[in-house]
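Observations on the three-dimensional arrangement
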Amino acid sequence: MTVLDNVKEIQRLDVDGMYERIIHLPEQVLKAYNEAIVHVPADFLIPGTIKKVMFSGMGGSAISGDLAASAFGAKFPVEVVKNYLPPYVDNETLLIAISYSGNTEETLSCVEEARRRGAFIAAITSGGKLKDSLLPNEVWVEVPAGFPPRSAIGYLFFSALRLLETYEMIESQQDVVKAIVAMLIKKAGAIADSVPEDRNIAKLSAKELQGKIPVVYASRPELLPVAYRWKCQLNENAKYPAFSHTLPEMNHNEIEGWEHPELRKQLFPIFLQNLQEDENYLKRIRAMQALFTRDNVPSQVFYTEGESLLEQMFSLIYLGDMISFYLAILDGTDPTGINYINYLKSNI
């Protein structure tokens, strides 16, 4: 029996229960959307002047803004700021601050400055200083505490959907959410720890990645937030250096890095793409894969599932999260611990 098929060994290494948080994403999505605790002032009026949405957040909180920008950026301008100060905001901007803990100093600074410039403020948090700083006329969504932020993506992103609906920036996403949950439940049956390694794509992929540096490529810019999510989960869960980029941009610069005959032996390219991909992107993927085959560079390809962009993104997020978990287990690593982040926090 391999370590990935030994549930007791997985539980021994997974001391803080990261597996349960990842595998139960379908339930988290359903609760986040259908049972969201949205605090709306009694005299709240939907502003008719919002022309731009800006998300402020860091790390596992910020990824929700990245996904929203990809999903809705064609409907209205969406920007994500991961810094202490926002770029241009005014009284026609809605700033949605996402801080799971409520104590992220960069996000708190952004909120203060955006408020000073007259922006509308909304927030998603479990409490902390962010909750305490909100004014009586500001809307916020309360999410359950006790999760590492990266494992609360269901609560954070689908709370963001509810905020965008509250401000009437998007139509109801009820049908989309139902489709996402149904797809994730089906997918759970294929990647759970009870599914043997020889039939479990997440376990097999983790074994292939072990000891390599993953480089995750989105087939198109709309999937770049998903590639970035994979990179971050491989960083935090598996403690692996990892990198992400997107086509077609990487074809104009990063692709040359693969020419180095020794360094490329340490890297492992991963492609995230749609099953029915546009020819403009598909021809580039094929050309790159031909290069990798010629140079004996192993690679992996993973396809999206679902009709809507949100379904497609979450189908790959779920898979990537589980791969990063199994990779941690293979190396005997606690997937929850963040020793370097904690060291940094205590030394700044």
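Predicted model only: the values in this text are computed from it and were never measured.

1. Observations concerning the sheet that holds strand 4 (residues 93-99)
Read across the open sheet, the six strands follow the order 1-6-5-4-2-3; overall the sheet is mixed. A strand with exactly one partner marks an edge of an open sheet, and here the two such strands are strand 1 (37-39) and strand 3 (78-81). For this sheet the average axis-to-axis angle between neighbouring strands, irrespective of direction, equals 20 degrees. Examined bridge by bridge, strand 2 (residues 52-56) and strand 4 share five bridges and lie parallel to one another. Residue pairing across strands places methionine 54 opposite leucine 95, the latter belonging to strand 4. Together, strand 2, strand 3 and strand 4 form the strand contacts of helix 4 (residues 59-72), whose direction differs from that of strand 3 by roughly 160 degrees.

2. Points about the environment of leucine 316
You can see leucine 316 is positioned in helix 12 (residues 309-330). Considering only alpha carbons, one finds leucine 316 and histidine 260, 56 residues apart in sequence, at a separation of 30 Å. Leucine 316 has contacts with Val226, Trp230, Leu272, Phe302, Tyr303 and Thr304, leaving out every residue within four places of it along the chain.

3. Some words on the packing of aromatic side chains
In this structure the tally under the stated criterion is eleven aromatic pairs. Each ring, one from tryptophan 258 and one from phenylalanine 292, has its centre 4.8 Å from the other, and the planes form 70 degrees; the classification is edge-to-face. Here phenylalanine 292 lies in helix 11 (residues 279-294) and tryptophan 258 lies in the loop between strand 8 (243-246) and strand 9 (267-273), a separation of 34 residues in the sequence. Every member of this aromatic cluster is reached through a ring pair, and the members are Tyr217, Trp258, Phe271 and Phe292. Over the ring of phenylalanine 147 we find arginine 21, and its NZ or CZ is 5.6 Å from the ring centre. A cation over a ring is seen here: arginine 162 above tyrosine 33, with NZ or CZ 5.6 Å from the ring centre.

So, how was this worked out
- Residues numbered from 1 in each chain as written.
- Predicted model: local features only at pLDDT ≥ 70, side-chain atom pairs only at ≥ 80, totals over all residues.
- Heavy atoms only, no water.
- Pairing = 2+ DSSP bridges.
- Helix = DSSP H or I, 4+ residues; strand = E, 2+ residues; numbered from the N terminus.
- Axes fitted to C-alpha atoms, helices over the stretch in contact; angles between N-to-C directions.
- Contact = heavy atoms within 4.5 Å.
- Phe/Tyr/Trp six-rings, centres within 6.5 Å; stacked < 30°, edge-to-face > 60°.
- Lys NZ or Arg CZ within 6 Å of the ring centre and 35° of its normal.

By themselves, these are just geometric observations and shouldn't be taken as functional.
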